[in-house]
Amino acid sequence: MYKQIDSNKRRTAMLMILFSLFVIGIGWAVSYYYNSPIILIIAIIIAIGQSWFSYFYSDSVALAVSHAVEAPVAQFQELHHVVENLAITAGLPKPKVYVIDDPAPNAFATGRNPQHASVAVTTGLLQIMNKSELEGVVAHELSHVGNYDILLMTVTVTLLGVIVLIADIFMRSLWFGGGRGRRDNNDNSGVLMIIAIVFALLSPLVAQLIELAISRRREYLADASGALLTRYPDGLASALEKIEKYEQPMRTVNRATAHMFISEPYGVKEEKQSWLTTLVSTHPPIPDRIKKLHAMDS
């Protein structure tokens, strides 16, 4: 667990560094092409400011994008009791508890560390889960908190979103500007611009690949850690079976936060997925996760 925590902290720092270099690199290329140093200065400010914002406020962004509202204790007593009891068992501070008004059963955790963590569940999850299943789901999310997965997963939401946005703005500027800069007579500027265009076009794909690399292995680890926390793997396995049977997508689904949920929020039933769909999914197949959980109980 401690190795995983250290790894997640290193990966988060690496992601922020790579993000900053990406933004500054694009800013330098465009500023060179248009012979405008102010563009590079703006890129540096964006890189530093967005990295700072992502670390401290990306959890608020993830909750807002998901339409999550803080759950009143009086209305959601059982949910609060489950979260509090499992947090005590895991040796973690009780995270803030949020509810998403959505019939699709799902949940996610967010925050930069266990002291600033939040757990959000949908109303659909609360309606169809019994207590042991709800405990399994909450234990899974608390495992993300304890392993510092939430830091890496939450920061990814805003950083990758900005990467795609910058690439889109850059391509639009070329389209409306006719692709002509102030260094048209410089042969190197043409090569540089081609590289910048390719980089911008590949940015959404790179962002998706980073998102996939962050998500899949951590879901298996959180399943195992959550099962150990409750000492009842079948509870989480049964919860995943119910989640799999629900075929409709979440009403509040968003590409930027999809990797944070316990299950793919797009409502694609696992056995109907093609190999390509499985490959680009942010989550491992639910049947595989259930199989591993049952193996823990045998």
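Fair warning: this is a prediction, and the values are worked out from it, not measured in the lab. (Residues numbered from 1 in each chain as written. Predicted model: local features only at pLDDT ≥ 70, side-chain atom pairs only at ≥ 80, totals over all residues. Heavy atoms only, no water.)

### As for helix α8 (residues 233-245)
Inclusion rule: Numbering of helices and strands starts at the N terminus; helices are DSSP runs of H or I of at least 4 residues and strands are runs of E of at least 2. Expected span, for any helix, means 1.5 Å times one less than how many residues it has. Each residue is placed in one exposure class: buried if its accessible area under a 1.4 Å probe, protein chains only, is under 20% of its type's maximum, exposed if it is over 50%, and partly exposed if it falls in between.
Here α8 contains 13 residues, and its C-alpha end-to-end distance of 19 Å stays within 8% of the 18 Å for a straight helix at 1.5 Å per residue. Among all positions of α8, only Pro233, Gly235, Leu236, Ala237, Ala239, Leu240, Ile243 and Glu244 are buried.

### Comments concerning a nonpolar patch on the surface
We apply this condition: Residues forming no salt bridge and having over 30% relative accessible area are the ones grouped into patches, like charges within 9 Å of each other and nonpolar side chains (Val, Leu, Ile, Met, Phe, Trp, Tyr) within 5 Å. Accessible areas in this description were obtained via Shrake-Rupley with a 1.4 Å probe; residue shielding takes into account the shown protein chains only. Salt bridge criterion: a side-chain nitrogen from Lys or Arg within 4 Å of a carboxyl oxygen from Asp or Glu.
On the surface, a nonpolar cluster with roughly 450 Å² of combined accessible area is contributed by Ile38, Ile41, Ile42, Ile45 and Ile46. Take Ile46: it is sitting in helix α2 (residues 37-65).

### Thoughts on the packing of aromatic side chains
The cut-off we apply is this: Any two rings among Phe, Tyr and Trp, with Trp reduced to its six-membered ring, count as a pair given centres within 6.5 Å; such a pair is stacked if its planes are under 30 degrees apart, edge-to-face if over 60, and tilted if neither. Both a distance and an angle decide whether a charge sits over a ring: NZ of Lys or CZ of Arg must be within 6 Å of the ring centre and within 35 degrees of the ring normal.
Throughout the structure, instances matching the rule amount to three aromatic pairs. With a centroid separation of 5.5 Å and 45 degrees between ring planes, the pair formed by Trp52 and Phe56 is classed as tilted. With a gap of four residues between them, Trp52 and Phe56 both fall in helix α2, about one helical turn apart. Since its relative accessible area comes to 32%, Phe56 is described here as partly exposed. One aromatic cluster is present, formed by Trp52, Phe56 and Tyr57 through successive ring pairs. The ring of Tyr220 has Lys292 sitting right over it, with the charged end atom 5.1 Å from the ring centre.

### Considerations on the confidence of the model for the protein chain
Using the following cut-off: As a per-residue measure, pLDDT reflects the predictor's confidence and takes values from 0 up to 100. Here, residues are in contact when the closest pair of their heavy atoms is within 4.5 Å.
Averaged over the protein chain, the pLDDT score is 79; the fraction of residues at 70 or greater is 69%. Low pLDDT, under 50, characterises residues 274-280; the stretch is placed with eight contacts to residues that sit more than four places away or in other chains.

### A short note on the side chain of Glu133
Position of Glu133 among the secondary structure elements: in helix α5 (residues 131-146). Take Glu133: its relative accessible area is 3%, and that puts it in the buried class.

### Some remarks on the sheet that holds strand β4 (residues 117-122)
The pairing of strands in a sheet comes from backbone hydrogen bonds and takes either a parallel or an antiparallel form. In plain terms, the rule: Strand pairing requires that DSSP identify at least two bridges connecting the strands. For every element, the axis is a line fit to its C-alpha atoms; helices are fit only across the contacting stretch, and the angle between N-to-C directions ranges from 0 to 180 degrees.
The four strands lie next to each other as β1-β2-β4-β3, forming an open sheet whose pairing is mixed. The open sheet has two edge strands with one neighbour each: β1 (68-70) and β3 (107-111). With direction set aside, neighbouring strand axes in the sheet form an average angle of 30 degrees. Bridge analysis of strand β2 (residues 96-100) against β4 gives five bridges, and the strand direction is parallel. Among the inter-strand pairings, Tyr98 is bridged to a residue of β4, identified as Ala120. Strand contacts of α5: β3 and β4, with the helix running at about 25 degrees to β3, the strand carrying the most contacts.

### Overview of the pattern of salt bridges
According to the stated counting rule, one finds four salt bridges in the structure shown. Note that Asp101 is salt-bridged to Arg251, the shortest N-O span being 4.0 Å. Pair noted here: Asp101 is in the loop between β2 and β3 and Arg251 is in the loop between α8 and α9 (275-280), with a separation of 150 residues, a long-range link. By the burial criterion, Asp101 is exposed, and Arg251 matches it. For the salt bridge of Glu133 with Lys242, the shortest nitrogen-to-oxygen distance reads 2.8 Å. Of this pair, Glu133 sits in helix α5 while Lys242 sits in helix α8; the two residues are 109 residues apart in sequence, bridging distant segments of the chain. Owing to a relative accessible area of 30%, Lys242 belongs among the partly exposed residues under this scheme. Connected via shared salt-bridge partners are Glu219, Asp223 and Arg289.

### Observations concerning α5
For α5, spanning 16 residues, the distance from its first C-alpha to its last is 22 Å, which sits close to the expected 22 Å at 1.5 Å a residue. Within α5, 13 of the 16 residues are buried, which leaves the element mostly enclosed by the surrounding structure. Following α5 by one or two positions, Tyr148 adopts a phi angle in the positive range, close to 65 degrees.

### Looking at the nonpolar core
What counts is decided by this rule: Here, the term nonpolar core denotes a set of buried Ala, Val, Leu, Ile, Met, Phe, Trp, Tyr and Cys residues that are joined through side-chain atoms within 4.5 Å.
One finds Leu79 and Leu125 to be the most contacted residues of the largest nonpolar core, which totals 35 residues. Of all the secondary-structure elements, those providing two or more residues to this core are α3 (77-90), β2, β3, β4, α5, α7 (187-230), α8 and α10 (286-297). Here this core gets six residues from one element, more than from any other, and that element is α5. What Leu125 contacts, discounting residues up to four positions off in sequence, is Ala104, Pro105, Asn106, Ala107, Leu134, Val137 and Ile243. Counting 11 residues, the second largest nonpolar core, distinct from the first, contains Leu63, Ile100, Ala120 and Phe261.

### A look at the side chain of Ser66
Tracing the backbone shows Ser66 in the loop between α2 and β1. When its relative accessible area of 0% is taken as the criterion, Ser66 is described as buried. With sequence-adjacent residues up to four places away left out, Ser66 is seen in contact with Ile100, Phe108, Thr252, Thr257 and Phe261.

### As for the packing of α5 against α8
Each pair of packed helices gets described by two things: the angle between the helix axes and the distance between those axes. Counted only if it meets this: Oblique is the label for every angle not falling under 35 degrees (roughly parallel), over 145 degrees (roughly antiparallel), or within 65 to 115 degrees (roughly perpendicular). Amino acids are sorted into nonpolar (Ala, Val, Leu, Ile, Met, Phe, Trp, Tyr, Cys and Pro), charged (Asp, Glu, Lys and Arg) and polar (every other residue, Gly among them).
Running from N to C, α5 and α8 point in directions that differ by 95 degrees, and their axes come no closer than 7 Å. Relative to α8, the element α5 is oriented roughly perpendicular. Across the interface between the two elements, Ser132, Glu133, Gly136, Val137 and His140 from α5 touch Gly235, Leu236, Ser238, Ala239 and Lys242 from α8. A class-by-class count of the residues in the contact of α5 with α8 yields three nonpolar, five polar and two charged.

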